[in-house]
Amino acid sequence: MMVAQTKWLLVRLFSKIINQRTMPYIEDRTQWYEGQGLWEDVPKEKWNDWTWQLRNRITLLEQLEARMELTDEEREGCRHANEKLAMAITPYFFNLIDREDPNCPIRKQVIPRVGEMEVSAEEMLDPVGEDSHSPVPGLVHRYPDRVLFLVTDRCAAYCRYCTRSRLVSNAQDYNFHPEFEQGLKYIETHPEVRDVLLSGGDPLLLSDKKLDYLLGRLRQIPHVEFIRIGSRIPVFMPQRITESLCEVLKKHGPIWMSIHVNHPRECTAELKAACDRLSFAGTPLGNQSVLLKDVNDDVDVMKALLHRLLRMRVRPYYIYQCDLITGSAHLRASVCKGLEIMKQLRGHTTGYAVPQYVIDAPGGGGKVPINPQYITKIDDDAIHFRNFEGKLFRYPLKSFKVDEDCRCEEAEIEC
Ligand SMILES: *Cc1c(COP(=O)(O)O)cnc(C)c1O
C-alpha cells in the first residue's frame, strides 16, 4: 500500500515538473482513486447518500472560489453560465479535479469557461436536429426501429459540451416538461419501435418508484424488446447506484446501460464498485465518450481509459465527435485527431477495448461511423487493404462477381 502510494506521488510530482502538454500520459494502473477529499470530515453515511451529494452540489461561483483558485477564463465563464447551461458539480466529482492544474481534464468538463459565450456560424442550439424528429414532446424518432425517450431535463452535474443544453437545466427557458403518458402512448401505437432508449437529462435522477413504473409500462408493450438507459450518474454520483435501484433494474431486466466516462481519472474505486453492482444485477454496460480537446484527444489517455473500462466490465461503445453545440469550439477536438486515435487503437490493443468513432450528422442524419481508411482499392481482381501496421495485403475476388457499387479506386485519404 505504502509503495503504491509513494509511486503515485512520484508520478504526480513528475507530471507537475514536466510540461503538461508535451508529456505522454502516465497511468498508474495499480491505483483506483478513493476517498472523500475535501469533504473528509463528512460522515460516511452522508457521503454515501446520493441525496446528500445532490443537496451539496457546487452551483455558484462563490462556492467554487471558496474551494479553488479559478482562472480568469473560468471566473468569467461562471458569471455567464446560467444564460446557457447551469453549473452543478457533485462533491464526489469535484474531488477528481486537480485544483493545482489549470489544464486538468476533469475541470474542463464541468467548470464553465468564457469560450462558452463565443458562438460561431456553424454552431447550433439543436445540432443534431432532434426537435424536428420529435413526434411528441420528449420523444425523438429518427431511426426506423428505435426511439429516444427524454424523461427529465435535469442531471446530477452538467457537462459543459452538452448537446442538449437547449433544454437541460432549463437555463434557456426551454421549459421542457417530460410527457410520460404521451411518450408511452406513441410507443404503444408504433409497433415498429422495438428499442427504447431512456435519456434526458439523466433518467437515474428519477426516483426508484418512478423508474419502476416507467420500466414496467415499457415491459408491458409486447413489441418493445430492448430497453436501455443513457446515464452519467454512475460517473457523477456513484452513490445513486443503490441496492434498491439495482433491484428495479433486475426486476425489469435486461436493461442495458450506457455510461459516459471521458478520462481514466474518472474510473475511481467508487465508480468501479457501482459498475459491479450494476453488472451483478444483470445490467450490461457500455460507455460513450465525447472526444474533447485537451481532455481525451490523446492516444495514451484514450487507451488508459478504454483499458480501465474493460476492468470495470464496461464495453466501450462509441466515441463521439463533439456536436456543433453553441459555445463548444474551445472543447471540440479535430476529426483528424480522432481518426489518428482510432488508427492507433485497432490492432494495437484488445479488440473489445475499441469503440466505434461516430459523428452525429449535423442537422439530423443520425450517427455515422467514421473510420480510418484500411481499404486502398477494390477491383475485379482483389480487395487491397492495409493492416494496423500500415502493411499492404490483398484478398482475391476472382471467384466472385464484383458489383459496380462495390468497386473503389485507390482511395487516398490522409488526415
Ligand atoms: C443515439 C440515438 C439512438 C441510439 O442509437 P444506437 O446507434 O442504436 O445506439 C436512438 N435515437 C436517437 C435519436 C439517437 O440520437
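Going along each chain's sequence as written, the residues are numbered from 1 onward. Note on the predicted model: pLDDT of at least 70 is required for a residue's local features to be given, and 80 or more for side-chain atom pairs to be given and counted; whole-chain, interface and lining totals, by contrast, use all residues. Water and hydrogen atoms were dropped before computing side-chain values, which therefore reflect all heavy atoms in the structure.

**A short note on the site of the ligand**
Line of reasoning, step 1. Whether a residue is near a molecule or strand is decided by its heavy atoms; if any one of them lies within 4 Å of it, the residue is near. Taken together, Val140, Arg142, Tyr143, Arg146, Leu148, Leu197, Arg228, Tyr317, Tyr318 and Lys367 are the residues near the ligand.
Line of reasoning, step 2. Interatomic distance of 2.8 Å between a side-chain N/O atom of arginine 228 and an oxygen atom of the ligand.
Line of reasoning, step 3. Counting of polar contacts relies on pairs of N or O atoms within 3.5 Å, with two restrictions inside protein: one atom must be capable of donating a hydrogen and the other of accepting it, and residues adjacent in sequence are counted only when both atoms are side-chain atoms. Between the ligand and tyrosine 317, the relevant distance is 2.6 Å, taken from an oxygen atom to a side-chain nitrogen or oxygen of the residue.
Line of reasoning, step 4. Of the grid points, spaced at 1 Å and generated over the protein atoms alone, those admitting a 1.4 Å probe that cannot get out make up cavities, while open sets with protein on both sides within 12 Å along at least five of seven lines make up pockets; any residue with an atom within 4 Å of a point is treated as lining. The rule for placing a molecule in a cavity or pocket is simple: more than half of its atoms must lie within 2 Å of the grid points. Among the detected pockets, the ligand sits in the second largest pocket.
Line of reasoning, step 5. A run of DSSP states H or I qualifies as a helix once it reaches four residues; a run of E qualifies as a strand once it reaches two. Both are numbered from the N-terminal end. The biggest single contributor to the shell around the ligand is strand S1 (residues 139-143), with three residues.
Line of reasoning, step 6. By the convention adopted, Pro, Cys, Tyr, Trp, Phe, Met, Ile, Leu, Val and Ala count as nonpolar, Lys, Arg, Asp and Glu as charged, and the other residues, Gly among them, as polar. Per-class residue counts for the shell around the ligand are six nonpolar, no polar and four charged.

**Observations regarding the sheet that holds strand S11 (residues 382-386)**
Note on sheets: strands pair through backbone hydrogen bonds, and any given pair is parallel or antiparallel.
Line of reasoning, step 1. What the three strands build is an open sheet, ordered S10-S11-S12; its pairing is antiparallel. Each end of this open sheet is capped by a strand with a single partner; those strands are strand S10 (375-378) and strand S12 (392-396). In this sheet, adjacent strand axes meet at a mean angle of 15° when their direction is disregarded. When DSSP finds two or more bridges between two strands, those strands count as paired. As a rule, the C-alpha atoms of each element are fitted with a line to give its axis, helices using only the stretch in contact, and angles between N-to-C directions run from 0 to 180 degrees.

**Looking at the layout of surface pockets**
Line of reasoning, step 1. Grid points are joined across faces, edges and corners, and a volume is the space filled by probe spheres set on the points. Considered as a void within the structure, the second largest pocket measures approximately 1000 Å³ in volume.
Line of reasoning, step 2. Taken together, 41 residues form the lining of the second largest pocket, with Thr163, Arg164, Ser199, Gln288 and Tyr320 sitting closest to its centre.
Line of reasoning, step 3. Counting only elements with at least two residues in the lining of the second largest pocket, the list comes to S1, strand S2 (146-150), strand S3 (195-199), strand S4 (226-230), strand S5 (255-259), strand S6 (285-291) and strand S7 (314-321).
Line of reasoning, step 4. At four residues, S7 tops the list of elements feeding residues into the lining of the second largest pocket.
Line of reasoning, step 5. Of the residues that constitute the lining of the second largest pocket, the class distribution is 21 nonpolar, ten polar and ten charged.

**Concerning the packing of aromatic side chains**
Line of reasoning, step 1. Ring pairs are drawn from Phe, Tyr and Trp, using the six-membered ring of Trp, whenever the two centres fall within 6.5 Å, and their geometry is named by plane angle: stacked under 30 degrees, edge-to-face over 60, tilted for the rest. Under the criterion given, the structure shown has nine aromatic pairs.
Line of reasoning, step 2. Taking the centre distance of 4.8 Å and the plane angle of 90° together, the rings of phenylalanine 93 and phenylalanine 236 count as edge-to-face. Of this pair, phenylalanine 93 sits in helix H6 (residues 91-94) while phenylalanine 236 sits in helix H10 (residues 233-236), and the two are 143 residues apart along the sequence.
Line of reasoning, step 3. Owing to a relative accessible area of 0%, phenylalanine 93 belongs among the buried residues under this scheme.
Line of reasoning, step 4. Note on exposure labels: buried denotes an accessible area under 20% of the residue type's maximum, exposed denotes more than 50%, and partly exposed covers the range between, all computed with a 1.4 Å probe on protein chains only. Under the relative-accessibility criterion, phenylalanine 236 is labelled buried at 1%.
Line of reasoning, step 5. On the numbers, 6.5 Å between centres and 25° between planes, the contact of phenylalanine 385 with phenylalanine 393 is stacked.
Line of reasoning, step 6. Since its relative accessible area comes to 26%, phenylalanine 385 is described here as partly exposed.
Line of reasoning, step 7. Residue classification places phenylalanine 393 among the partly exposed positions, given a relative accessible area of 38%.
Line of reasoning, step 8. Every member of this aromatic cluster is reached through a ring pair, and the members are Trp39, Trp47, Trp52 and Phe94.
Line of reasoning, step 9. Criterion for a charge above a ring: Arg CZ or Lys NZ at most 6 Å from the ring centre, at most 35 degrees from the ring normal. Positioned above the aromatic ring of tyrosine 143 is the side chain of arginine 146, whose terminal nitrogen or guanidinium carbon lies 4.1 Å from the ring centre.

**Things to note about unusual backbone geometry**
Line of reasoning, step 1. Residue glycine 200 is joined to glycine 201 through a cis peptide bond whose omega torsion reads 15°.
Line of reasoning, step 2. With respect to the helices and strands, the residue glycine 201 is situated in the loop between S3 and helix H9 (208-219).
Line of reasoning, step 3. Phi at asparagine 170 takes a positive value of approximately 55°, unusual for a residue other than glycine.
Line of reasoning, step 4. Positionally, asparagine 170 belongs in the loop between S2 and helix H8 (180-188).
Line of reasoning, step 5. Looking at asparagine 170, the relative accessible area reads 18%, which means it is buried.
Line of reasoning, step 6. Unlike most non-glycine residues, asparagine 175 shows phi in positive territory, near 50°.
Line of reasoning, step 7. In this structure, asparagine 175 sits in the loop between S2 and H8.

**Looking at the side chain of arginine 142**
Line of reasoning, step 1. On the secondary structure map, arginine 142 appears in strand S1.
Line of reasoning, step 2. Just so you know, the count uses Lys and Arg for positive and Asp and Glu for negative, and it drops His and the chain ends. Just to be clear on terms, a salt bridge is a Lys or Arg side-chain nitrogen sitting within 4 Å of an Asp or Glu carboxyl oxygen. Aspartate 360 provides the closest opposite charge to the buried, unpaired arginine 142, separated from it by 4.2 Å.
Line of reasoning, step 3. Only 2.8 Å separates the side chain of arginine 142 from the backbone oxygen of valine 128, close enough to count as a polar contact.
Line of reasoning, step 4. Two residues form a contact once any of their heavy atoms are found within 4.5 Å. Beyond its immediate sequence surroundings of up to four residues, arginine 142 is in contact with Val128, Gly129, Glu130, His133, Asp360, Gly364, Gly365 and Gly366.

**Examining helix H13 (residues 299-311)**
Line of reasoning, step 1. Here H13 contains 13 residues, and its C-alpha end-to-end distance of 18 Å stays within 8% of the 18 Å for a straight helix at 1.5 Å per residue.
Line of reasoning, step 2. Among all positions in H13, only Val299, Val301, Met302, Ala304, Leu305, Leu306, Arg308 and Leu309 are buried.
Line of reasoning, step 3. Looking at the buried positions of H13, the neighbouring elements they touch are S6, S7 and helix H14 (335-343).
Line of reasoning, step 4. Sitting at the head of H13, aspartate 298 places a side-chain oxygen 2.9 Å from the backbone nitrogen of aspartate 300.
Line of reasoning, step 5. With its phi angle positive at about 65°, arginine 313 sits one or two positions after the end of H13. The length a helix should cover is 1.5 Å for every residue beyond the first.

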